[in-house]
Amino acid sequence: MKSYDIVIVGGGPAGLAAAASAKENGIDSILILERDRELGGILNQCIHNGFGLHTFKEELTGPEYAGRFIEKVEDLGIEYMLNTMVMDISTDKVVTAMNREEGLFEIQAKAIILAMGCRERPRGALNTPGYRPAGIFSAGTAQRLVNMEGYLPGREVVILGSGDIGLIMARRMTIEGAKVKLVAELMPYSGGLKRNIVQCLDDFNIPLKLSHTVVDIDGKDRVKGITLAQVDERNKPIPGTEEYIPCDTLLLSCGLIPENELSRGLGIDMEAVTNGPIVNESLETSAEGVFACGNVLHVHDLVDFVSEEAAMAGKNAVRYIKEARNEEVARIDMVPTDGVRYTVPKYIRLEKMEDTLTVRFRVGGVYKNCYISTYFDGERVMKRKRPVVAPGEMEEIKLSKAKLAEYPNLKTITVKIEEA
């Protein structure tokens, strides 16, 4: 059995940044396992720009952004295996994987970084009535068909869900000559970034219908049209608001689910809200020496934040290997409440924390003219005024180790949205 210090599952933006960071922090024995035929993950099909403004201070396309990290991994001489599927991870950090060349094989790791990314929510999870005709695609599948395979999935398109991929595909399909009739969103707010609504819908005069959903799909062999209806505050269709829209294609952009089958198989504690692992300040999961970063942990809005988080996971995995394990250290629990849905990390061990720690989270609704407030036990220690916060954009607070040390018996840090 081969052994490596660090094995990274996934060769997308998170896996690449984690590998580069681990190498730069002094570990040479690193292996990336990627199931696709090339490194770069989902970025390879994201040919639009808007990537890299934080990381490289310039605007890049997805393949360009991935290319910079692939180049870095090559230059650093980090080993990787493509077309390799990880089947299982055991509690003693034995990774079972398979590919055509080697068949089924095992690798012993000292630390593991989970960077498997996420997948799209399938139509089955949406309970849309009607037949299952041709012409229904997830937005990501359509993106791959258009950008990588060179096919146009349809001519007259309706998009259900206003996540970022759906918004970007509204623009992409329009540029390729299709007619995008509208984007429908079940919630009373969009799930995507504000800039994508402006650049992908407003600039192309594509209507966004909030509080609407598809209640029926017409067509047996191919989609002929869909029935759209308004929904009430309980997201139930309102009778009498139905509208029939002829189309030959329905794209579904209804959210992303972190790819955590391996994490669950390992028995890692999961966060119900994010569908990702629960992690501490070092991005370490409940399985000792197993770290998680990127979209497998929680769905990010910008790839720059994925890279930043992954670099931290790589650095902390190195620290885990090099440092002696000490007895249990005190933990401070993060408590999301009043509009804040979750936090990453879920708890902090002050002794293990860096000088500053970025805590990321999303909110559960649109809040205008509000404060993001942070409480240490019952005392408010930070507040930041925001004109608007929305679920489509990730928020963050920064904690300083020096400040936390002023509260020696601190048990909880509460993050909430308050009226200004």
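Below, the structure is looked at part by part. Remember, it's a predicted structure, so these values are computed and weren't measured experimentally. (Residues numbered from 1 in each chain as written. Predicted model: local features only at pLDDT ≥ 70, side-chain atom pairs only at ≥ 80, totals over all residues. Heavy atoms only, no water.)

**Thoughts on the pairing of strand 25 (residues 367-376)**
Among the 10 residues in strand 25, 7 count as buried, and that is most of the element. Here strand 25 runs beside strand 26 (residues 379-389); their pairing, made up of 9 bridges, is antiparallel. By the bridge assignment for strand 26, threonine 374 is matched with methionine 382. Between the antiparallel neighbours strand 25 and strand 26 lie 2 residues, among them aspartate 377 with a positive phi of about 50°. (Buried < 20%, exposed > 50% of the residue type's maximum accessible area, 1.4 Å probe, protein only. Helix = DSSP H or I, 4+ residues; strand = E, 2+ residues; numbered from the N terminus. Pairing = 2+ DSSP bridges.)

**Remarks on helix 2 (residues 62-75)**
Taking 1.5 Å of rise per residue, 14 residues should cover 20 Å, and helix 2 covers 20 Å from first to last C-alpha, within 8% of that figure. Of all the residues in helix 2, the buried ones are Gly62, Tyr65, Ala66, Phe69 and Val73. Looking straight down helix 2, one finds that the buried residues subtend no more than 95° of arc, so they occupy a single side. In helix 2, the exposed positions angled more than 90 degrees off the buried face are occupied by Glu71 and Asp75. Among the structural elements, helix 1 (13-24), strand 2 (30-33), strand 3 (49-51), strand 4 (60-61), strand 5 (79-81) and helix 7 (303-322) are those in contact with the buried residues of helix 2. At the exit of helix 2 stands glycine 77, carrying a positive phi of roughly 70°. (Expected span 1.5 Å × (residues − 1). Arc of directions from axis to C-beta. Contact = heavy atoms within 4.5 Å.)

**A few points about the layout of surface pockets**
As a volume, the second largest pocket reaches approximately 500 Å³. The wall of the second largest pocket is formed by 22 residues, among which Asn280, Glu284, Glu288, Arg349 and Lys352 lie closest to the centre. Ranked by residues supplied to the lining of the second largest pocket, first place goes to helix 7 with 3 residues. Taken together, the residues of the lining of the second largest pocket break down into 6 nonpolar, 6 polar and 10 charged. (1 Å grid on protein atoms, 1.4 Å probe; cavity = no way out; pocket = protein on both sides within 12 Å on 5 of 7 lines; lining within 4 Å. Points joined across faces, edges and corners; volume = space filled by probe spheres on them. Nonpolar A, V, L, I, M, F, W, Y, C, P; charged D, E, K, R; others polar.)

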